[in-house]
Amino acid sequence: MAMQNVQSVPAELSPEALESAAQLVAEAQADFDRVMAEDSRVEPRDWMPEAYRKTLLRQISQHAHSEIIGMQPEANWISRAPSLKRKAILMAKVQDEAGHGLYLYSAAETLGQTRDKMMADLIAGKARYSSIFNYPALTWADMGAIGWLVDGAAICNQVPLCRASYGPYGRAMVRVCKEESFHQRQGFEILLELANGTPEQKAMAQDAVDRWYAPSLMMFGPPDDDSPNSKQSMAWNIKRFSNDELRSRFVGMMVEQVKVLGLTLPDDQIRFNEDAKKWEHSPLDWNEFQEVLAGRGPCNAQRLERRRQAHDDGAWVREAASAYAAKQKEQAA
Ligand code: 3HC
């Protein structure tokens, strides 16, 4: 099939060969357009426009980085969890996030980028990861607020990505979303227990919700008018909804769930707009968002430094694994 045979055209070709190559590319593009129109899937060996490949690589690698940097705020609380049960649950959750990173790095590798390069870019501070993980986790209640709000926002954003047009990404998202659902419930349950505890525990839960609410809303990305990538990503069936649409949907979910918790959201402007059929909220501080993206958030430097250290500490594991693989290859030869 044309889509599978035309990844690149060699430079020095006769006019006839060039013409036939151009025809193959045109056929491959037509095949790709048909796949998009049918809302079907593109697989790694299929031909794809270079811009589509780059967009996917950008989004999937950023997503992978977010998962592994996202381990840090919670790993910080494993040794201080209030009971053995809470410790075991939190450890499992943090391990899940590492697993999500691995599925996503693997999906990104199918687009022709090595994991080493992606990791080098992250460590050098050249790659993006989600703004949310540059905020500090100050109390145990933050484990609840991160699970409920941050993982809740992640699910809201990622369930539609299960239908992303690129096969490896969509399939990875199915498993990620199942695990994120468990993460959100455990966060909700931590907050529920604190909210029904002593007045101090309830105040701690409310304080955590107050601090994580706005940054969670910013996870969905800039407002639609300031989102340079959304339109094309939606045309390519990667994103299914705009940043503002998902943010509004998330606010609607949270405004109901917070009542069950007996807490409040720090936003007195939440209302359902009957005409527009969407939830509205108070304006967010997009300057703060831009500062965080520029590396000047409360924990950016700390997060990257920790990742560098972890990468250095893991050097011996990578060396041992390479030596083992070389030995296996030698024995098989
Ligand atoms: N944090 C950091 N950067 C962000 C961002 C955020 N919250 N939101 C947007 N950006 C960046 C974009 O990456 C883009 O930068 P780039 O052009 O240099 O790549 C720029 O801001 C403009 O934003 P756009 O809206 O045009 O970008 P996208 O169309 O890519 O939309 C997105 C942004 C909605 C985050 C989309 O990329 C997406 O859905 N990504 C997949 C999900 C994801 O990465 N989630 C991160 C959280 S992971 C997580 O939550 C783990 C869990 O354990 C909690």
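Above this text is the structure in question.
Residues numbered from 1 in each chain as written. Predicted model: local features only at pLDDT ≥ 70, side-chain atom pairs only at ≥ 80, totals over all residues. Heavy atoms only, no water.

## Focus on the overall build of the protein
- In terms of regular secondary structure, the protein is built from 14 helices and 2 strands.
- In terms of overall dimensions, the protein has C-alpha extents of about 80 × 60 × 35 Å along its principal axes.
- With 333 residues in all, the protein has 47% of them scored as buried.
- Considering only contacts in the protein between residues 6 or more positions apart, those separated by 24 or more positions represent 76%.
- Surface summary for the protein: the accessible area is close to 17100 Å², and the carbon and sulfur share equals 55%.
- Here the protein contributes 39 positively and 46 negatively charged side chains, and the mean placements of these two sets differ by 4 Å. (Helix = DSSP H or I, 4+ residues; strand = E, 2+ residues; numbered from the N terminus. Buried < 20%, exposed > 50% of the residue type's maximum accessible area, 1.4 Å probe, protein only. Contact = heavy atoms within 4.5 Å. Areas by Shrake-Rupley, 256 points an atom, 1.4 Å probe, with all protein chains shown as cover. Lys, Arg positive; Asp, Glu negative; His and termini not counted. Charge placed at Lys NZ, Arg CZ, Asp CG, Glu CD.)

## Re the site of the ligand
- Residues in close proximity to the ligand total 33 residues, the closest being Q62, E97, S227, K239 and N243.
- Between the ligand and the protein, one listed contact pairs an oxygen atom with a side-chain N or O atom of E180 at 3.1 Å.
- In the environment of the ligand, a nitrogen atom lies 3.3 Å from a nitrogen or oxygen atom belonging to the backbone of M219.
- Within the complex, the protein chains bury 90% of what would otherwise be the 990 Å² of accessible surface of the ligand.
- Given that more than half its atoms are within 2 Å of the pocket grid, the ligand belongs to the largest pocket. (Near = heavy atom within 4 Å. Polar contact = N/O pair within 3.5 Å; in protein donor to acceptor, adjacent residues only side chain to side chain. 1 Å grid on protein atoms, 1.4 Å probe; cavity = no way out; pocket = protein on both sides within 12 Å on 5 of 7 lines; lining within 4 Å. Sits in = over half its atoms within 2 Å of the grid points.)

## Thoughts on the nonpolar core
- If you look at the biggest cluster of nonpolar residues, it comprises 80 residues, and the most contacted ones within it are Y52, I60, W148, Y166 and L265.
- Not counting residues up to four positions away in its chain, the partners in contact with W148 are Q184, G187, F188, L191, V209, M254, Q257, V258, L261 and L265. (Core = buried A, V, L, I, M, F, W, Y, C linked by side-chain atoms within 4.5 Å.)

## Description of the state of the cysteines
- According to the stated counting rule, one finds 0 disulfides in the structure shown.
- The thiol of C162 is not disulfide-bonded; the next cysteine sulfur, from C177, is found 3.9 Å away. (Disulfide = S-S within 2.5 Å.)

## Remarks on helix α7 (residues 141-158)
- Taking 1.5 Å per residue, 18 residues should reach 26 Å; α7 reaches 24 Å between its end C-alpha atoms and fits that length.
- Within α7, 17 of the 18 residues are buried, which leaves the element mostly enclosed by the surrounding structure. (Expected span 1.5 Å × (residues − 1).)

## What about the packing of helix α6 (residues 115-123) against helix α13 (residues 300-313)?
- At a closest axis distance of 9 Å, the pairing of α6 and α13 adopts a crossing angle of 140°. Comparing the axis directions of α6 and α13 gives the class oblique. Listed contacts from α13 to M119, L122 and I123 of α6 are L304, R307, R308 and H311.
- Across the contact of α6 with α13, the residue classes tally to 4 nonpolar, 1 polar and 2 charged. (Axes fitted to C-alpha atoms, helices over the stretch in contact; angles between N-to-C directions. Parallel < 35°, antiparallel > 145°, perpendicular 65-115°, else oblique. Nonpolar A, V, L, I, M, F, W, Y, C, P; charged D, E, K, R; others polar.)

## Some thoughts on the side chain of D267
- Along the polypeptide, D267 turns up in the loop between α11 (243-261) and β1 (271-273).
- Residues within four places of D267 in sequence aside, it is in contact with Y213, H281 and S282.

## Focus on the packing of aromatic side chains
- Scanning the model with the defined rule gives 9 aromatic pairs in all.
- Between W286 and F289, the ring centres sit 5.1 Å apart and the planes meet at 85°, which makes this aromatic pair edge-to-face. With a gap of 3 residues between them, W286 and F289 both fall in helix α12 (residues 286-296), about one helical turn apart.
- Members of the aromatic cluster, each reached through a chain of ring pairs, are F32, W47, Y52 and W236.
- The residue whose ring lies beneath R249 is F241, and the NZ or CZ to ring-centre distance is 4.3 Å. (Phe/Tyr/Trp six-rings, centres within 6.5 Å; stacked < 30°, edge-to-face > 60°. Lys NZ or Arg CZ within 6 Å of the ring centre and 35° of its normal.)

Functional significance is not addressed by these values, which are geometric in nature.
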